[in-house]
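Spelled out, the chains give:
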Amino acid sequence: MRITETALPGVMRIEATPHGDDRGLFARLYCPEEFSAAGIDFTPSQVNLSTNPVARTLRGLHFQNSPHAEAKLVRAIRGRAYDVVVDLRPGATQGKWIAEELSATHMNALFLPEGVAHGFLTLEPETDILYQMDRIYIPGHADGLPWDDSDLAVDWPEKPEVLSEKDSAWTAWADRHDLNAAVNAP
């Protein structure tokens, strides 16, 4: 497994190093010792699956408000997705974003620390995204930002065709005076 930093502090690219033979492939996808050696303090306590039968399905940009903010490890276990992470934490990278294509074929993932928003756009039909979360989901603390927020200017590869009503109605970054407190409160 290779773990490398991205342009956003704490957001890490995880690349499996599969071993193959006549039976197929085998790859380690999560290892606490390797994560710890890379400076990642992460122990999954919940695993979630997002199934997306239609290409160009968009989910996000989501986050959990403090004190229930979540760190997560996300990967495509079927299909491909354009995965976006927006830094909400105070500092030089606040409001900046990165994107990575996650694919079941490449067995890659992103580790997302607390304090970032996350979303993805499926690039092909039948794309499934697996989330390993560091804490149990607490209803009532979910929040989000518009996928097409002009201040964030995320460069999505295509326009979504499937989008929930809730994801169409998030308050824009410029109007979120509560954001620092919501994401970063103790």
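Worth saying up front: this structure is predicted, and the values here are computed from it rather than measured.

A few words on unusual backbone geometry. Across the chain, the bulk of peptide bonds are trans and the bulk of non-glycine residues have phi less than zero. In this structure, leucine 61 follows glycine 60 across a cis peptide bond, with omega equal to 10°. The residue leucine 61 is located in strand E6 (residues 57–64) in this model. Despite not being glycine, methionine 107 has its phi angle at roughly 55°, a positive value. Residue placement: methionine 107 occurs in the loop between strand E9 (97–103) and strand E10 (108–112). Of note in this structure, glutamate 126 is not a glycine but carries a positive phi near 55°. Within the fold, glutamate 126 resides in the loop between strand E11 (116–122) and strand E12 (127–133).

Moving on, we get to the environment of methionine 107. When its relative accessible area of 18% is taken as the criterion, methionine 107 is described as buried. The spatial distance from the C-alpha of methionine 107 to the C-alpha of tryptophan 147 is 25 Å, given a sequence separation of 40 residues. Apart from the residues lying within four places of it in its own chain, the contact partners of methionine 107 are Ile14, Ala16, Pro18, Leu25, Ala27, Leu29 and Arg75.

Attention now goes to the pairing of E6. Most of E6 sits inside the fold, with six of its eight residues counted as buried. Two strands pair when backbone bridges link them, and E6 and strand E14 (residues 162–163) are joined in this way by two bridges, in the parallel orientation. Looking at the pairing, threonine 57 lines up with valine 162 of E14. Pairing of E6 with E11 involves three bridges; the strand directions are antiparallel. If you follow histidine 62 over to E11, its bridge partner there is histidine 118. In terms of strand pairing, E6 meets strand E13 (residues 142–144) through three bridges, oriented antiparallel. Bridge pairing links glutamine 64 to alanine 142 in E13.

Ordered by their spatial adjacency, six strands build an open sheet running E1-E2-E10-E7-E12-E5, and the pairing between neighbours is antiparallel. Each end of this open sheet is capped by a strand with a single partner; those strands are strand E1 (2–5) and strand E5 (46–52). Sheet twist, expressed as the average angle between the axes of neighbouring strands with direction ignored, equals 20°. Strand direction decides the pairing type here: E1 and strand E2 (residues 12–15), joined by four bridges, are antiparallel.

Moving on: the pattern of salt bridges. This model, assessed by the stated rule, comprises 13 salt bridges. A salt bridge links arginine 2 to glutamate 15; the shortest N-O distance between them is 3.6 Å. Highlighted residues: arginine 2 in strand E1 and glutamate 15 in strand E2, separated in sequence by 13 residues. The exposure class assigned to arginine 2 is partly exposed, which follows from its relative accessible area of 45%.

What follows covers the environment of alanine 174. Within the secondary structure, alanine 174 sits in the loop between E14 and helix H2 (179–184). A sequence separation of 22 residues divides alanine 174 from leucine 152, and the C-alpha atoms of the two residues are 9.2 Å apart.

What follows covers the nonpolar core. In terms of nonpolar packing, the biggest core is built from 17 residues, with Leu61, Val84, Val86, Leu88, Leu145, Leu152 and Trp156 touching the most fellow members. Going through the elements one at a time, E6, strand E8 (80–87) and E11 are the ones with two or more residues in this core. Sequence-distant contacts of leucine 145, defined by excluding residues within four places in its chain, comprise Gly60, Leu61, Phe63, Leu88, Leu152, Trp170, Thr171, Ala172, Trp173 and Arg176. Membership of the second largest hydrophobic core comes to 15 residues, among which are Val11, Ala81, Leu112 and Val116.

What counts as what
- All residue numbers refer to position in the chain's written sequence, counted from 1.
- For this predicted model, a pLDDT threshold of at least 70 governs which residues receive local features, and a threshold of 80 or more governs which side-chain atom pairs are given and counted, while totals over whole chains, interfaces and linings are taken from all residues.
- Calculated side-chain values reflect all of the structure's heavy atoms, with hydrogen atoms and water omitted.
- A run of DSSP states H or I qualifies as a helix once it reaches four residues; a run of E qualifies as a strand once it reaches two. Both are numbered from the N-terminal end.
- Classification of residues uses two cut-offs on accessible area relative to the type maximum, computed with a 1.4 Å probe and protein chains only: under 20% is buried, over 50% is exposed, and between them is partly exposed.
- Contacts between residues were defined by any pair of non-hydrogen atoms, one from each residue, lying within 4.5 Å.
- At least two bridges found by DSSP between two strands are what make those strands a pair.
- Here the axes come from fitting lines to C-alpha atoms, over the contacting stretch only for helices, and the angles between their N-to-C directions go from 0 to 180 degrees.
- By salt bridge we mean one thing: a side-chain nitrogen of Lys or Arg within 4 Å of a carboxyl oxygen of Asp or Glu.
- Buried Ala, Val, Leu, Ile, Met, Phe, Trp, Tyr and Cys residues that are joined via side-chain atoms within 4.5 Å together make up what is termed a nonpolar core.

Such coordinate-based values are descriptive only and should not be taken to indicate function.
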